[in-house]
Amino acid sequence: LRVVACDGNQLWQSLPPAPHVDAIVSLLTDVDENVRRSAVRTLGGLGLVCMPHVAARLGGTNCQSRLSALQVLGLLGEKASDLAGEVAEILWDEDIIIRAAAVEA
């Protein structure tokens, strides 16, 4: 067994693409709130494999997508600490709901 030290950012960015995650991420903007909540919980449970997909949603223009992405990061907890800077920038978003989600993340 060989252990290689790296920070979390290097780790999640080096993960192979996970095509199934794209399908789940697309549900973050579903019209049904229950579907969106299930997608958030599922992505939060997947861990680092969903990070590139979720990170890409933070800067988007779709408020529901951004909100859901922040909720996933909140579920990931410290695993998502590499995105703390991006989340901090969202604290000044014009949408109060998005700002609140960033605080909770």
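As the structure is a prediction and not an experimental result, all values here were calculated from the model. (Residues numbered from 1 in each chain as written. Predicted model: local features only at pLDDT ≥ 70, side-chain atom pairs only at ≥ 80, totals over all residues. Heavy atoms only, no water.)

(A) Fine view of the overall build of the protein chain. The number of helices and strands found in the protein chain is seven helices and zero strands. Going residue by residue from the N terminus, the α and β elements of the protein chain occur as α-α-α-α-α-α-α. Looking at the protein chain residue by residue over its 105 residues, the buried ones come to 32%. Across the protein chain, the fraction of contacts at a sequence separation of at least 24, relative to all contacts at a separation of at least 6, is 59%. For the protein chain, the accessible area works out to roughly 6,400 Å², and carbon and sulfur atoms hold 56% of it. (Helix = DSSP H or I, 4+ residues; strand = E, 2+ residues; numbered from the N terminus. Buried < 20%, exposed > 50% of the residue type's maximum accessible area, 1.4 Å probe, protein only. Contact = heavy atoms within 4.5 Å. Areas by Shrake-Rupley, 256 points an atom, 1.4 Å probe, with all protein chains shown as cover.)

(B) The nonpolar core, seen in detail. In this structure, Leu43, Cys50, Leu58, Leu70, Val72, Leu73 and Leu76 are the most contacted members of the largest nonpolar core, which totals 24 residues. Every element with two or more residues in this core is listed here: helix H2 (19-26), helix H3 (33-46), helix H4 (51-58), helix H5 (63-76), helix H6 (84-90) and helix H7 (96-104). Here this core gets six residues from one element, more than from any other, and that element is H5. Setting aside anything within four residues of it in sequence, one finds Leu73 in contact with Met51, Val54, Leu58, Ala80, Leu83, Val87 and Ala105. (Core = buried A, V, L, I, M, F, W, Y, C linked by side-chain atoms within 4.5 Å.)

(C) Up close: the side chain of Arg66. By the element assignment, Arg66 lies in helix H5. Overall, Arg66 belongs to the buried group, its relative accessible area being 11%. When sequence neighbours within four positions are dropped, the list of residues in contact with Arg66 reads Arg57, Leu58, Gly60, Ile90, Asp93 and Ile98.

(D) Representation of the pattern of salt bridges. Using the criterion set out here, one finds two salt bridges in the structure. Its salt-bridge partner being Arg37, residue Glu33 comes within 3.1 Å of it at the nearest N-O pair. Here Glu33 and its partner Arg37 are both found in helix H3, four residues apart, which amounts to about one turn of the helix. (Salt bridge = Lys/Arg side-chain N within 4 Å of Asp/Glu carboxyl O.)

(E) Representation of H4 within the structure. All buried positions along H4 are accounted for by Met51, His53, Val54 and Leu58. The arc that holds the buried residues of H4, viewed along the axis, is 165°, so those residues lie on one side. (Arc of directions from axis to C-beta.)

(F) A look at the environment of Ser81. Topologically, Ser81 is positioned in the loop between H5 and H6. Here Ser81 falls in the partly exposed class, since its relative accessible area comes to 47%. Sequence separation of Ser81 and Ala105 is 24 residues, and the distance between their C-alpha atoms is 9.8 Å.

(G) Broad picture of a nonpolar patch on the surface. Together, Leu91, Trp92 and Val103 give the surface a local cluster of nonpolar side chains, amounting to about 380 Å² of exposed area. You can see Leu91 is positioned in the loop between H6 and H7. (Patch = residues over 30% accessible without salt bridge, like charges linked within 9 Å, V, L, I, M, F, W, Y side chains within 5 Å.)

(H) Up close: the packing of H4 against H5. Where H4 meets H5, the closest approach of the two axes is 8 Å, and the angle between their N-to-C directions is 135°. Taken together, the axes of H4 and H5 are oblique relative to one another. Considering only the axes of H4 and H5, their crossing is left-handed. Taking contact as the criterion, the partners of Met51, Val54, Arg57 and Leu58 in H4 are, on H5, Ser65, Arg66, Ala69, Leu70, Val72, Leu73 and Leu76. (Axes fitted to C-alpha atoms, helices over the stretch in contact; angles between N-to-C directions. Parallel < 35°, antiparallel > 145°, perpendicular 65-115°, else oblique. Left-handed = near helix turned anticlockwise from the far one by under 90°.)

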